[in-house]
Amino acid sequence: MLVNDEFKSELKHIFKSGYEETLLSGTDKDRWLVKEKTSLKNIEEEEFYVLTMSSQLFRIIVLLHFTISDDTRQFVSEVLNIPATNVDDEKFYDYIGEIGNSFLGSIKRDVGRFVPSLGMSTPNRLNKGCLKYMDILNSDFEAHAVAVFDDTELFYS
């Protein structure tokens, strides 16, 4: 079943507002800028979390792309209020997985106003080599955005 244009437009709005809401939670909103992108084909991020939500009529897949770097580790340390040297891989991945989970939860809450009985997955972390299989899904609709923190692109979705 193809999703109609009105629903696609609403999904795009829900996607962007959910992304912003999730990232702004617990941080200074003036330090963030979420910008729409036409594609994520050329990003260099090493990993991503994949999350899914589904109903009997459609499936929504959210990918949250990132790389462990000094910038992302510093961001996580600020949010968790611990020194960057104490942000080990486990803490880092747990927090980024929570961002993904909150992001999808926000989308589910808003889509749930229109569509009852939505199922939601837990975040699964994959490396960028797995992205080549995403084309197999033949999606009807895509929305892309980059999250910029203090003028540094940290996350793509």
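Computed from a prediction, not measured in an experiment: that's the story for all the values here.

(A) Fine view of the nonpolar core. Grouped together as the largest cluster of nonpolar side chains are 36 residues, with contacts concentrated most on Tyr19, Phe75, Ile96, Val111 and Phe155. Elements that contribute at least two residues to this core include exactly helix H1 (5–24), strand S1 (32–37), strand S2 (47–54), strand S3 (59–66), helix H2 (70–80), helix H3 (89–111), strand S6 (144–149) and strand S7 (152–156). Of all the elements, H3 adds the most residues to this core, at 9 residues. Not counting the four nearest positions on each side in its chain, Val111 is found in contact with Phe7, Leu11, Ile14, Phe58, Ile60 and Leu118. Among the nonpolar cores identified, the runner-up in size contains 5 residues, and Ile43, Val146, Val148 and Tyr156 belong to it.

(B) The layout of surface pockets, seen in detail. There is about 1100 Å³ of room inside the largest pocket. What lines the largest pocket is a set of 31 residues, and nearest its centre among them are Ile61, Met134, Ser139, Phe141 and Glu142. Taken together, the elements giving at least two residues each to the lining of the largest pocket come down to H1 and S3. In terms of residues, the lining of the largest pocket owes the most to one element, S3, which gives 6 residues.

Basis of the calculations
- Every chain is numbered on its own, with residues counted from 1 as its sequence reads.
- Owing to the predicted nature of the model, reporting of local features is limited to residues with pLDDT of at least 70; listing and counting of side-chain atom pairs is limited to 80 or more, with chain, interface and lining totals taken over all residues.
- Heavy atoms from the whole structure form the basis of all side-chain values; hydrogens and water molecules are not counted.
- Definition used in this section: a nonpolar core is a set of buried Ala, Val, Leu, Ile, Met, Phe, Trp, Tyr and Cys residues joined via side-chain atoms within 4.5 Å.
- Each residue's exposure class comes from its accessible area (1.4 Å probe, protein chains only) as a fraction of the maximum for that residue type: buried when under 20%, exposed when over 50%, partly exposed otherwise.
- Only DSSP runs of H or I with at least four residues qualify as helices, and only runs of E with at least two residues qualify as strands; both kinds are numbered from the N terminus onward.
- Two residues qualify as a contact provided that any one of their heavy atoms is within 4.5 Å of a heavy atom in the partner residue.
- Of the two site types, the cavity is a set of points on a 1 Å grid over the protein atoms alone where a 1.4 Å probe fits but cannot get out, and the pocket is an open set with protein on both sides within 12 Å along at least five of seven lines, each lined by residues with an atom within 4 Å of a point.
- Grid points are joined across faces, edges and corners, and a volume is the space filled by probe spheres set on the points.

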